[in-house]
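# Structural features, examined
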Amino acid sequence: MSRIIWRLADVVENAHKMVALCAQSGVNLSLVTKFCLSQPELIVPVLKTAGINSICDSNCQNFLLLNAPFPVHKSLIKTTTKAIQSFPQLSRNSRPDRLFVSDKGMLDEFYILPKEMRPEVVLIAECGDLKDGFSEEQIIAAAESYPDLNIIGISANFSALSGHLPTFEAVQKLAILSRKVSSIRRNMPFLSIGGTAVYDLLQTGMLIGLVQEVRIGEGIFFGYNSSKRCPIPDFSQNTVLFQGEIIEIAEKRVENIPPDGFNSLGTSFEESVLTGNRKRAVLDFGTLAANQNDLIPNDNGTVTVGQTSDFTVLDITSSAQHYRTGNYVTFLANYASASQAMLNPFVEKIVQ
């Protein structure tokens, strides 16, 4: 059975570094846990050890199993009508404390809830990512038009869809907008920005006095910044391993014969440059568990040949390891492959 292994000590060390960095800028850190389904065995030790008391997830259901032995502020960053309608059936401990919203129709849904069940509301601002978000005019109108909702401020996402990186000028503009909202709502300004793409602004102190919260997941769990395709300096990247079990080892005669069709995934199989008699290992996972493009083999002597939905084939001819059936081959997992593996019920989850 394939498995994903979390090196908890390395994740906690990354979390401590990010918390310290946020403290220097006077901002709160909210841990983005959607990719690991807010799995308590993983996130509760990170929250407790690093002193983080806030998490962000995209699905209400993931809060049901949290059961942290201390208070955790829970934000739902992908709000749906079904999520809002489910509030009366949820216990107080599993109900989100804060919802991020980007549509007027969604704001109207809050009125089906009793007042005591209505959470804090953060209005998402569109700032160039072209994913979700109100315009500035719509945010002002919403702040004025919903006096019965607990609208506390605004948020923005950077580089999630478009790859447009956050700039000091963009954040400054958002901070001005958050102050306009606070003057209407008569509360303190609140601006929340995410995700790891904001790291450079955080690290250089450009968020001081402008932002009250940053939402980061990848930088802590993986020590990596996908928006720049680079590791974060002094953060650990060797945090998440994926292992596939070998179910066959055999010598295959490899010849570059052009295929006359497509493979089971509907794509063209790339011909191998490693021809002749080759030693190959078949692993017990495929694209349904983790995509080969998101895995880096720990053994430099192996070459990934290809995948089907539930098998991965490696060329192990040049490996110095003496693999046998039942052994595991180890890969370094990134955000995409780890997220996919966490969703798959046939991948064992291990927290070391």
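Let me sum up the structure you'll find in this document. Keep in mind the model is a prediction, meaning the values are calculated, not measured.

Criteria and thresholds
Residues numbered from 1 in each chain as written. Predicted model: local features only at pLDDT ≥ 70, side-chain atom pairs only at ≥ 80, totals over all residues. Heavy atoms only, no water. Helix = DSSP H or I, 4+ residues; strand = E, 2+ residues; numbered from the N terminus. Contact = heavy atoms within 4.5 Å. Axes fitted to C-alpha atoms, helices over the stretch in contact; angles between N-to-C directions. Parallel < 35°, antiparallel > 145°, perpendicular 65-115°, else oblique. Left-handed = near helix turned anticlockwise from the far one by under 90°. Nonpolar A, V, L, I, M, F, W, Y, C, P; charged D, E, K, R; others polar. Buried < 20%, exposed > 50% of the residue type's maximum accessible area, 1.4 Å probe, protein only. Polar contact = N/O pair within 3.5 Å; in protein donor to acceptor, adjacent residues only side chain to side chain. Pairing = 2+ DSSP bridges.

## Details of the side chain of serine 58
As for its placement among the helices and strands, serine 58 is situated in the loop between strand 3 (54–57) and strand 4 (73–76). Once you skip the residues sitting within four places of it in the chain, serine 58 turns out to touch Lys34, Leu76, Ile77 and Lys78.

## What to know about the packing of helix 5 (residues 136–145) against helix 6 (residues 168–185)
It is the contact of helix 5 with helix 6, at a shortest axis distance of 9 Å, that shows an interaxial angle of 20 degrees. Judged by the inter-axis angle, helix 5 sits roughly parallel to helix 6. In this structure, helix 5 meets helix 6 at a crossing whose hand is right-handed. Two secondary-structure elements touch here, helix 5 through Glu136, Ile139, Ile140, Ala143 and Glu144 and helix 6 through Lys173, Leu177, Lys180, Val181, Ile184 and Arg185. Of the residues contributing to the contact of helix 5 with helix 6, the split by class is 6 nonpolar, no polar and 5 charged.

## A few points about the side chain of aspartate 97
Structurally, the position occupied by aspartate 97 is in the loop between helix 3 (81–85) and strand 5 (98–101). Taking relative accessible area as the criterion, aspartate 97 reaches 16% and is therefore assigned buried. Engagement of the side chain of aspartate 97 in a polar contact is seen with the side chain of arginine 92, the distance being 3.2 Å. Non-local contacts of aspartate 97, meaning those with residues more than four positions away in its chain, are made with Val72, His73, Lys74, Arg92, Pro119 and Glu120.

## Things to note about the environment of valine 303
As for its position among the elements, valine 303 is in strand 15 (residues 303–307). Look at valine 303 and you get partly exposed, because its relative accessible area is 40%. The spatial distance from the C-alpha of valine 303 to the C-alpha of isoleucine 316 is 6.7 Å, given a sequence separation of 13 residues. In this structure valine 303 touches Leu274, Val313, Leu314 and Asp315, once residues within four positions along its chain are discounted.

## Observations concerning the sheet that holds strand 5
The parallel closed barrel is built from 8 strands, whose spatial order is 2-3-4-5-6-7-8-9. Taking each pair of neighbouring strands and ignoring which way they run, the sheet shows an average axis angle of 25 degrees. Bridge count for strand 4 against strand 5 is 2 bridges, and the pairing is parallel. Looking at the pairing, leucine 76 lines up with leucine 99 of strand 5. Sheet strands in contact with helix 6 are strand 7 (150–157) and strand 8 (191–194), and its direction is about 170 degrees off that of strand 7.

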